[in-house]
Amino acid sequence: MPCPALPEGFDFTDPDVYRTRVPLPEFAQLRQTAPVWWNAQPHGIAGFGDDGYWVVTRHQDVKEVSTKPDLFSASRNTSIIRFNASMTREQIDVQKLIMLNMDPPEHTRVRQIVQRGFTPRAIRGLEDALRRRAAHIVDEARRGGTGDFVTDIACELPLQAIAELIGIPQDDRARIFDWSNKMVAYDDPELAITEEVGANAAMELISYAMNLAAARKECPAEDIVSRLVAAEHEGNLGSDEFGFFVLLLAVAGNETTRNAITHGMHAFLTHPDQWELFKRERPATAAEEIVRWATPVVSFQRTATQDTELGGAKIKEGQRVGIFYSSANHDPEVFTDPGVFDITRDPNPHLGFGGGGPHFCLGKSLAVLEINLIFNALADALPDITLAGDPRRLRSAWLNGVKELRVHYG
Ligand code: HEM
């Protein structure tokens, strides 16, 4: 279906678009005129050897695709909507070893096991340690006067939370942090992380986690690794499966939460009434609004397993379907004044953590806890923080990322 107002060749996964902005006005046009729209691409540009994908823009349709894994596969072409054109099919298929890119029944088996590490009790158990860490991170930044909010504050708690959750020994944390950072930035030339450096970091992280799993199998301890791998029976992860799970946590839990925190700070500093309100009342609804506002994951994809219809469009078996959480989170059918940053918004059925299907974010409660802890620490210790520059955005095809945000710590 044509969408006349979009410039010829416009692509909702073009990394250069996201270097300056998330295309919210273009999403709004599609929601109104062609809610499920075919975005043609030059052959093979996304790494899949095809000519484009469907852009799903409405809240209800993103939910529908997310909750029908039989019809919309996360595995056929993975959940990642764009790789580099130079990726081989073999390199893409390796990604199916992480659960984000699995379908039932394999996904169901892995998800049931790893869920044990993310029970409300397990997350509550981290709260005191993370509160102390949040206070410490903010305190360290305060000494700096002016600095980069992303590296000083937003990066730190997510990394520490995952290390804490997995029980990574303190001495090994610097290496884990380094590998995690190298893995997520290959689309942005300025960061000078080549694909090879990123791939090597991933291999090193996987092999570190496999060794940790093997050691805990030999000699179980009171931590999540032992719980997920220790006993040798069907309900446990093998060491290699654990390695890929840690890899996913390092990517899924770091970059996302870091960007939610950075966008949240920027939103507060550009909406001072909301910052004042937060400092005064600390509403529990703030973290969810920050995630809706930021929508750190712009999109994931599925692949149709048979011919089907969605939002008036006829989708063919084998075609890719992009689910655009950023668009769903601004759908006026669901959100009153979606362009308003309102930390008391309630209810807030945003899809920032996914559309509610089997892949719904495993780390949601941890992420919400981290966001709450860091903004409470900031409101306590740095109430007068102000902006010292515009955010510098990450070049990425599907992440709403900020790589630098200069602030005065006050
Ligand atoms: C604000 C922060 C976060 C955002 C916006 C976010 C967003 C998402 C989204 C959109 C998905 C895919 C949902 C779907 O396909 O239906 C997802 C999956 C996932 N997330 Fe998160 N996430 C965040 C934080 C975290 C954290 C802190 C962790 C863990 C430490 C985590 C672990 C995962 C895992 C393991 C999956 C894959 C689940 C599966 O395939 O079954 N996420 N997340």
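Procedures and definitions
Residues numbered from 1 in each chain as written. Predicted model: local features only at pLDDT ≥ 70, side-chain atom pairs only at ≥ 80, totals over all residues. Heavy atoms only, no water. Pairing = 2+ DSSP bridges. Helix = DSSP H or I, 4+ residues; strand = E, 2+ residues; numbered from the N terminus. Contact = heavy atoms within 4.5 Å. Axes fitted to C-alpha atoms, helices over the stretch in contact; angles between N-to-C directions. Salt bridge = Lys/Arg side-chain N within 4 Å of Asp/Glu carboxyl O. Buried < 20%, exposed > 50% of the residue type's maximum accessible area, 1.4 Å probe, protein only. Near = heavy atom within 4 Å. Polar contact = N/O pair within 3.5 Å; in protein donor to acceptor, adjacent residues only side chain to side chain. Nonpolar A, V, L, I, M, F, W, Y, C, P; charged D, E, K, R; others polar. Donors = N, O, S within 2.8 Å, 3.2 Å for Na, K, Ca; no water. Core = buried A, V, L, I, M, F, W, Y, C linked by side-chain atoms within 4.5 Å. Parallel < 35°, antiparallel > 145°, perpendicular 65-115°, else oblique. Left-handed = near helix turned anticlockwise from the far one by under 90°.

The name that an unreviewed UniProt entry assigns to the protein is Cytochrome P450, with the source organism given as Streptomyces kronopolitis.

Teacher, can you tell me more about the sheet that holds strand 8 (residues 320–324) here?
Consider a sheet: its strands pair through backbone hydrogen bonds, and that pairing is either parallel or antiparallel. Taken in spatial order, the 5 strands line up as 1-2-8-5-3 in an open sheet, and their pairing is mixed. In the strand order of this sheet, the two ends are held by strand 1 (36–40) and strand 3 (72–73), each with one partner. Bridge count for strand 3 against strand 5 (residues 299–304) is 2 bridges, and the pairing is antiparallel. Of the residues in strand 5, the one forming a bridge with Phe72 is Ala304. Of the strands in this sheet, strand 1, strand 2 (52–56), strand 3, strand 5 and strand 8 are in contact with helix 3 (residues 59–66), which crosses strand 8 at around 125 degrees.

Whenever I open this one, the pattern of salt bridges confuses me. Can you help?
Proximity of charged atoms lets side chains of opposite charge pair with each other. Considering all chains together, one arrives at 30 salt bridges under this definition. Taking the shortest distance from any N to any O, the salt bridge between Glu64 and Lys68 comes out at 2.9 Å. For Glu64, a relative accessible area of 29% translates into the label partly exposed. Between Arg406 and Glu404 there is a salt bridge, with the nearest N and O atoms lying 3.6 Å from each other. Residues joined in a network through salt bridges with shared partners are Asp139, Glu140, Arg142 and Arg143.

Explain the site of the ligand here, please?
Surrounding the ligand, one finds 30 residues, the nearest of these being His107, Arg111, Arg302, His359 and Cys361. In the model, an oxygen atom of the ligand is placed 2.7 Å from a nitrogen or oxygen of the His107 side chain. Between His359 and the ligand, the recorded distance is 2.7 Å, taken from a side-chain N or O atom to an oxygen atom. Taken together, the elements giving at least two residues each to the shell around the ligand come down to helix 5 (106–114), helix 13 (239–252), helix 14 (255–270), strand 5 and helix 18 (364–381). The residue makeup of the shell around the ligand, split by class, is 19 nonpolar, 9 polar and 2 charged.

Would you mind showing me how to read the coordination of the iron atom of the ligand here?
Each donor-metal-donor angle in an ideal tetrahedron of four donors is 109.5 degrees, and each such angle in an ideal octahedron of six donors is either 90 or 180 degrees. What the protein offers the iron atom of the ligand as a donor is a single atom, Cys361 (SG), at 2.3 Å. Topologically, Cys361 is positioned in the loop between helix 17 (325–328) and helix 18.

Is there a simple way to explain the nonpolar core in this structure?
Soluble globular proteins tend to bury their nonpolar side chains together. The biggest cluster of nonpolar side chains holds 129 residues, and the ones touching the most others in it are Phe12, Phe149, Phe242, Phe375, Leu378 and Ile385. Top contributing element to this core by residue count: helix 18, with 11 residues. Among all residues touching Phe149, those that are not within four sequence positions of it are Ala154, Ile261, Thr262, Met265, Leu378, Ile385, Leu405, Val407 and Tyr409.

Help me out: how do you make sense of the environment of Phe177 in this one?
Relative to the helices and strands, Phe177 resides in helix 10 (residues 173–183). Placed 14 residues apart in sequence, Phe177 and Ala163 show a C-alpha to C-alpha distance of 8.9 Å. The residues contacting Phe177, other than those within four sequence positions of it, are Leu159, Gln160 and Ala163.

How should the packing of helix 11 (residues 195–218) against helix 13 be read in this particular structure?
Running from N to C, helix 11 and helix 13 cross one another at 130 degrees; their axes reach a closest spacing of 8 Å. When the axis of helix 11 is compared with that of helix 13, the two are oblique. Handedness of the helix 11/helix 13 crossing: right-handed. Residues Ala202, Leu205, Ile206, Ala209, Met210, Ala213, Ala214 and Lys217 of helix 11 form the contact with helix 13, whose own contacting residues are Ser239, Asp240, Phe242, Gly243, Phe244, Val246, Leu247 and Ala250. Tallied by class, residues from the contact of helix 11 with helix 13 come to 12 nonpolar, 2 polar and 2 charged.

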